[in-house]
Amino acid sequence: MKRVGVAVIGAGFIAREAHLPAWVRLKEARLVAVVRRSEKEAKAIAESFGAERYFTDYVKALELKDVDIVDICTPTYTHKEIAVEAAKYGKHILLEKPIALRLCDADEIIGAARRHGVKLMVAHCLRFWPEYVKVKELVDNGEIGEVRVARAYRLSSFPRWSGWFGREELSGGVIVDMGIHDIDYLRWLMGEVKEVYARGGHVRKWVPGLTALDYVHVLMKFNGGGIAYIESSWAMPDRFPFTTYLELAGTEGLLVVNNRNTASLTIYRDGDVRSYTPFSEDAYYLEIREFLRAVLEDRAPPIPGEEARRSLEVALASLRSAKEGAPVRLPLKEEVIR
């Protein structure tokens, strides 16, 4: 069986910790190349993961005939340029979230993939996180009735491994970079958002050049009548453990997912409490495997560019609301990040 050739463009934290380990587990895939701006680091990472080649210029990887898929793990502000170029070379594209920083850039990426006939998937990993997949199954099966209210927290210290996170024009800040996980998941669970109302600020003022909001909370109203509260923070102390929490209040019960608990998923109903022990499957492996299967089976990937664009739009509306101090209705009429 011919193995699918893969080039991973960008070999920073998320590539080394999640994407590259996943690719080397997949027997149907062949890691052809790794791209990193530092030649020394590119060589070391390629050797560590068994990549056949390494480059400092991503175009060199795109020029390889035996590369079928590119996995783009570069900073958000580079996504459009690299993804559009990859489409021109006829490569299928797995793109780290968020799809882009501007809706027009997302549209350009989506359009390029469509014109050149390549598959595009954005790596919104919560749709593959085992606890969250189980929640979707339970909700769809009516275990807690109709979901009316949701709360989601995602709290961490500031991401010190790269300086671009602190600049709004490069990362979009905590709501676009990290809060978009919960936005995308709740859209998947509860439907489309019609209005957001957000508050936020610059808490970690010691971060050099900080222009991005590092703390935001958002109230979202959905077309179906439900509401959700999302809290996203990069403002926690350095030793604070990464913390996520999801709570869904339905007409027939309450469901809680807490990554700090031994039993991370619990359902509360009148006269009944059920708990699920932690799930051990790697969500990054599952999402990458699913994209590879979509390519092998020539079918649409589960998170197309259009889905990722809608989640980006809600995140950008939240950013606008936090900056203007007023509710913002969807769809957006203009760009938020210039």
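Fair warning: this is a prediction, and the values are worked out from it, not measured in the lab.

### A short note on the layout of surface pockets
Item 1. Of the volumes computed, that of the second largest pocket is approximately 160 Å³.
Item 2. Lining the second largest pocket, in full, are Ile 110, Ala 113, Arg 114, Gly 117, Val 118, Lys 119, Leu 120, Pro 301, Pro 304, Gly 305 and Glu 306.
Item 3. In terms of residues, the lining of the second largest pocket owes the most to one element, helix H5 (residues 103-115), which gives three residues.
Item 4. Residues that form the lining of the second largest pocket fall into these classes: six nonpolar, two polar and three charged.

### Examining the pattern of salt bridges
Item 1. Summed over the entire model, instances satisfying the criterion amount to 38 salt bridges.
Item 2. For the salt bridge of Arg 30 with Asp 66, the shortest nitrogen-to-oxygen distance reads 2.8 Å. Note that Arg 30 is positioned in strand E2 (residues 29-35) and Asp 66 in the loop between helix H3 (58-62) and strand E4 (69-72), a separation of 36 residues in sequence.
Item 3. Looking at Arg 30, the relative accessible area reads 23%, which means it is partly exposed.
Item 4. Under the relative-accessibility criterion, Asp 66 is labelled partly exposed at 23%.
Item 5. One salt bridge connects Arg 309 with Asp 107, and the closest N-O pair in it is separated by 2.6 Å. Of the two residues, Arg 309 sits in helix H11 (residues 305-324) while Asp 107 sits in helix H5, which places them 202 residues apart along the sequence.
Item 6. Judged by relative accessible area, Arg 309 falls into the partly exposed class, the value being 22%.
Item 7. A single network of salt bridges, built from pairs that share partners, joins Arg 127, Asp 184, Arg 187, Glu 192, Glu 307 and Arg 310.

### What about a nonpolar patch on the surface?
Item 1. There is a patch of nonpolar side chains on the surface, built from Val 149, Tyr 197, Leu 219 and Ile 227 and spanning about 290 Å² of accessible area.
Item 2. Mapped onto the secondary structure, Tyr 197 falls in strand E8 (residues 193-201).
Item 3. Overall, Tyr 197 belongs to the partly exposed group, its relative accessible area being 35%.

### Looking at helix H10 (residues 283-296)
Item 1. The terminal C-alpha atoms of H10 lie 20 Å apart, and with 14 residues this matches the ideal 20 Å at 1.5 Å per residue to within 8%.
Item 2. Within H10, 10 of the 14 residues are buried, leaving the element largely enclosed by the surrounding structure.
Item 3. For H10, the set of buried residues is Ala 283, Tyr 284, Tyr 285, Leu 286, Glu 287, Ile 288, Phe 291, Leu 292, Ala 294 and Val 295.
Item 4. Where H10 starts, the residue carrying a side-chain oxygen 3.0 Å from the main-chain nitrogen of Tyr 284 turns out to be Asp 282.

### Notes on helix H6 (residues 130-140)
Two residues of an α-helix separated by three or four positions point the same way, owing to the 3.6 residues in each turn.
Item 1. Of all 11 residues that make up H6, eight are buried, and the element is covered over most of its length.
Item 2. For H6, every residue scored as buried is listed here: Pro 130, Glu 131, Tyr 132, Lys 134, Val 135, Lys 136, Leu 138 and Val 139.
Item 3. Following H6 by one or two positions, Gly 142 has its phi on the positive side, about 75°.

### Focus: the sheet that holds E8
Item 1. Judged by pairing direction, the sheet is mixed, and its nine strands sit side by side in the order E14-E13-E12-E11-E7-E10-E9-E8-E15 without closing on themselves. With one partner strand each, in any of the chains shown, strand E14 (272-276) and strand E15 (328-329) form the two edges of the open sheet.
Item 2. Direction of pairing for strand E9 (residues 215-222) relative to strand E10 (residues 227-236): antiparallel, over a ladder of seven bridges. The residue of E10 that forms the bridge with Leu 219 is Tyr 229.
Item 3. Where H11 meets the sheet, its contacts fall on E8, E9 and E15, and the angle it forms with E8 comes to roughly 50°.

### Let's talk about the packing of H5 against H11
Item 1. Packing of H5 against H11 leaves a shortest axis separation of 10 Å and a crossing angle of 180°. Taken as axis vectors, H5 and H11 run roughly antiparallel relative to one another. Only Gly 305, Glu 306, Arg 309, Leu 312, Glu 313 and Leu 316 of H11 make contact with H5, whose side of the interface consists of Leu 103, Ala 106, Asp 107, Ile 110 and Arg 114.
Item 2. For the contact of H5 with H11, a count of residues per class yields five nonpolar, one polar and five charged.

Parameters at a glance
Residues numbered from 1 in each chain as written. Predicted model: local features only at pLDDT ≥ 70, side-chain atom pairs only at ≥ 80, totals over all residues. Heavy atoms only, no water. 1 Å grid on protein atoms, 1.4 Å probe; cavity = no way out; pocket = protein on both sides within 12 Å on 5 of 7 lines; lining within 4 Å. Points joined across faces, edges and corners; volume = space filled by probe spheres on them. Helix = DSSP H or I, 4+ residues; strand = E, 2+ residues; numbered from the N terminus. Nonpolar A, V, L, I, M, F, W, Y, C, P; charged D, E, K, R; others polar. Salt bridge = Lys/Arg side-chain N within 4 Å of Asp/Glu carboxyl O. Buried < 20%, exposed > 50% of the residue type's maximum accessible area, 1.4 Å probe, protein only. Patch = residues over 30% accessible without salt bridge, like charges linked within 9 Å, V, L, I, M, F, W, Y side chains within 5 Å. Areas by Shrake-Rupley, 256 points an atom, 1.4 Å probe, with all protein chains shown as cover. Expected span 1.5 Å × (residues − 1). Polar contact = N/O pair within 3.5 Å; in protein donor to acceptor, adjacent residues only side chain to side chain. Pairing = 2+ DSSP bridges. Contact = heavy atoms within 4.5 Å. Axes fitted to C-alpha atoms, helices over the stretch in contact; angles between N-to-C directions. Parallel < 35°, antiparallel > 145°, perpendicular 65-115°, else oblique.

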